[in-house]
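# Report on the structure
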Amino acid sequence: MNIVKKYTNGEITIVWKPAKCTYAAACVRMCPEVFKPRERPWVKPDNASTEKIIDTVKACPSGALTFFYNEEQA
Ligand code: SF4
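Summarised in this report is the structure supplied together with it. This structure is a prediction, so every number in the text was calculated from the model and none was measured. Along every chain, residues carry numbers that run from 1 in the direction the sequence is written. Totals for whole chains, interfaces and linings use every residue, but because this is a predicted model, local features are given only for residues with pLDDT of at least 70 and side-chain atom pairs only at 80 or more, for both listing and counting. The basis for every side-chain value is the complete set of non-hydrogen atoms in the structure, without hydrogens or water.

The full set of residues close to the ligand is Trp16, Cys21, Thr22, Tyr23, Ala24, Ala25, Ala26, Cys27, Cys60, Pro61, Ser62 and Leu65. Residue classes in the shell around the ligand are distributed as 10 nonpolar, two polar and no charged. We define proximity as follows: a residue is near a molecule or strand when any one of its heavy atoms falls within 4 Å of that partner. Amino acids are sorted into nonpolar (Ala, Val, Leu, Ile, Met, Phe, Trp, Tyr, Cys and Pro), charged (Asp, Glu, Lys and Arg) and polar (every other residue, Gly among them).

In this section: the sheet that holds strand S2 (residues 12–16). Pairing in this open sheet of three strands is antiparallel, and the strands run S1-S2-S3 from one edge to the other. Each edge of the open sheet carries a strand with a single partner, namely strand S1 (5–8) and strand S3 (65–69). Each strand axis lies, on average, 25 degrees off the axis of its neighbour in the sheet, ignoring direction. Only strands joined by at least two bridges in the DSSP assignment are considered to pair. Put simply, DSSP H or I for four residues or longer makes a helix, DSSP E for two residues or longer makes a strand, and each gets a number counted from the N terminus. For S1 and S2, the ladder comprises four bridges, and the chain directions are antiparallel. Bridge assignment links Tyr7 to a residue of S2, and that residue is Ile14. Throughout, a residue-residue contact means that at least one pair of heavy atoms, one from each residue, lies within 4.5 Å. For helices, the fitted line uses only the C-alpha atoms of the stretch in contact; every axis is such a line through C-alpha atoms, and the angle between N-to-C directions lies from 0 to 180 degrees. Running over the sheet, helix H2 (residues 50–58) touches S2 and S3 and is turned about 140 degrees from S3.

Accessible area is worked out with a 1.4 Å probe on protein chains only. A residue is then buried under 20% of its type maximum, exposed over 50%, and partly exposed in between. Every buried residue of H2 is listed here: Thr50, Ile53, Ile54, Thr56 and Val57. Projected down its long axis, H2 carries its buried residues within an arc of 165 degrees, all on one side. Set apart from the buried face of H2 by more than 90 degrees, the exposed residues are Glu51 and Lys58. Residues of H2 that are buried in the fold lie against S2, helix H1 (26–30) and S3. This arc is built from the directions going out from the helix axis to the C-beta atoms.

Here the focus is the environment of Ala59. The residue Ala59 is located in the loop between H2 and S3 in this model. When the C-alpha positions of Ala59 and Ala26 are compared, they lie 7.1 Å apart, and in sequence the two are 33 residues distant.

This next bit is on the nonpolar core. Ranked by internal contacts, the top residues of the largest apolar core, which has 18 residues, are Ile14, Val34, Phe35 and Leu65. Excluding anything up to four places from it in sequence, Leu65 contacts Ile14, Val15, Trp16, Cys27, Phe35, Val57 and Cys60. Definition of nonpolar core: a set of buried residues of the types Ala, Val, Leu, Ile, Met, Phe, Trp, Tyr and Cys, connected through side-chain atoms within 4.5 Å.

Let's shift gears to unusual backbone geometry. For the peptide bond that leads from Arg40 to Pro41, omega is -10 degrees, which places it in the cis range. Within the secondary structure, Pro41 sits in the loop between H1 and H2. The phi dihedral of Tyr23 is positive, around 55 degrees, even though this residue is not glycine. Along the polypeptide, Tyr23 turns up in the loop between S2 and H1. Classification of Tyr23 as exposed rests on a relative accessible area of 58%. Residues other than glycine seldom take positive phi values, yet Ala25 does so here, at roughly 70 degrees. Ala25 sits in the partly exposed class, given a relative accessible area of 27%.

From the geometry alone we can't say anything about function, so treat these as descriptive.
Spelled out as structure tokens, the structure:
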């Protein structure tokens, strides 16, 4: 299944592909205020700075998390 979930804080959009996620929880350890696996939706993009979110997304070992700047999408 190619489910793709998107979560935006207005500035960037976090893209999560559950099929790729290994649930190693690197994101949860690095940025627990945003990545909350027990909640739905599990990503709360307003809870940390854009910079911290980007660092966390880049640390995802599986490639399940990516992001783009909203202005680039237009
Ligand atoms: S860091 Fe990536 S692979 Fe690990 S739980 Fe988060 S999204 Fe999934």
